[in-house]
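Geometric and topological summary
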Amino acid sequence: MAQFRAITRIDSTYPTARVRDALMTALFTVTAELDSWARTQTARGVTTLADSHTSIDASSIDGSIDATSIEATSIDNVTAAVHWFRVAVYSYAKAHLVDTYRDVDTTAFGARETAADKIDEQLSTWRAQYRTAVSAVQGNPRVRVTLI
């Protein structure tokens, strides 16, 4: 929980019980979404997430990398799949917390609409990061769309 709070900048405004519930909800949600992929991995003989060798889109990490994809590597004994799984859980939990705390008004009277817009932007960002992370765990390529 301490790592989640540090990475997502969740302060003591959010009680420990609510943070724990959000992390559990996120863990169950991500696990359920990855269930089919996990079964396929198990059938291939992969027993842990750390053992899966998922290719990920290198441009999603650093635009300066020329390769179209890189094989999952280990950094500080954490594989890309484990990292992206953690990002998915943390992103979902953060969005869940931000969304459920909308009912607490901490803004000045005239700034409510602006604050609500900022919350919506935060939610969109955290939900997009969640989708990106789940796709990265599964090894699905990211889609880039440009308006012509």
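The numbering scheme is per chain: residues are counted from 1 as the chain's sequence reads. Under the rules for a predicted model, residues below a pLDDT of 70 receive no local features and side-chain atom pairs below 80 are neither given nor counted, while totals for whole chains, interfaces and linings still include all residues. Side-chain measures here rest on the full set of heavy atoms in the structure, leaving out hydrogens and waters.

This paragraph deals with helix α2 (residues 16-33). For α2, spanning 18 residues, the distance from its first C-alpha to its last is 26 Å, which sits close to the expected 26 Å at 1.5 Å a residue. For α2, the set of buried residues is V19, A22, L23, A26 and V30. Along the axis of α2, the buried residues cluster in a sector spanning 100°; they form a single face. Away from its buried face by more than 90 degrees, α2 exposes A17, F28 and A32. Runs of E in the DSSP output that reach at least two residues are strands. Runs of H or I that reach at least four are helices, and both are numbered from the N terminus. Expected span of a helix: the number of residues minus one, times 1.5 Å. Burial classification: accessible surface area is computed with a 1.4 Å probe over protein chains only, and a residue below 20% of its type maximum counts as buried, one above 50% as exposed, and the rest as partly exposed. This arc is taken over the directions from the axis of the helix to the C-beta atoms.

Let us now look at the environment of R127. For R127, the position within the fold is in helix α5 (residues 112-138). Accessibility expressed as a relative area gives 41% for R127, which makes it partly exposed. Residues R127 and A93 lie 34 residues apart in sequence; the distance between their C-alpha atoms is 9.7 Å. Should any heavy atoms of two residues lie within 4.5 Å, those residues are counted as being in contact. Apart from residues lying up to four places away in sequence, R127 is in contact with A95 and D99.

To continue, consider the packing of aromatic side chains. We call Phe, Tyr and Trp rings a pair once their centres come within 6.5 Å, taking the six-membered ring for Trp, and we label the pair stacked below 30 degrees between planes, edge-to-face above 60, and tilted otherwise. Applying the stated criterion to the full structure yields two aromatic pairs. Relative to Y90, the ring of F4 lies with its centre 5.2 Å away and its plane at 70°, an arrangement referred to as edge-to-face. Linking F4 in helix α1 (residues 2-8) with Y90 in helix α4 (residues 80-100), this pair joins segments that are 86 residues apart in sequence. Of the two residues, F4 and Y90, neither departs from the other in class, the shared state being buried. Measuring from ring centre to ring centre gives 5.2 Å for Y92 and Y130, while their planes differ by 65°; the resulting arrangement is edge-to-face. On the criterion of sequence distance, the pair formed by Y92 in helix α4 and Y130 in helix α5 is long-range, its members being 38 residues apart.

Once that is clear, we can look at the confidence of the model for the protein chain. On a range of 0 to 100, pLDDT expresses the predictor's confidence in each residue. Summarising the model, the protein chain shows a mean pLDDT of 78, and 72% of its residues fall at 70 or more. Mean pLDDT across the elements of the protein chain bottoms out in strand β1 (residues 56-57) (43) and peaks in α2 (95). Ignoring residues within four places in sequence, the model shows residues 54-70, a span with pLDDT below 50, making 34 contacts including any to other chains.

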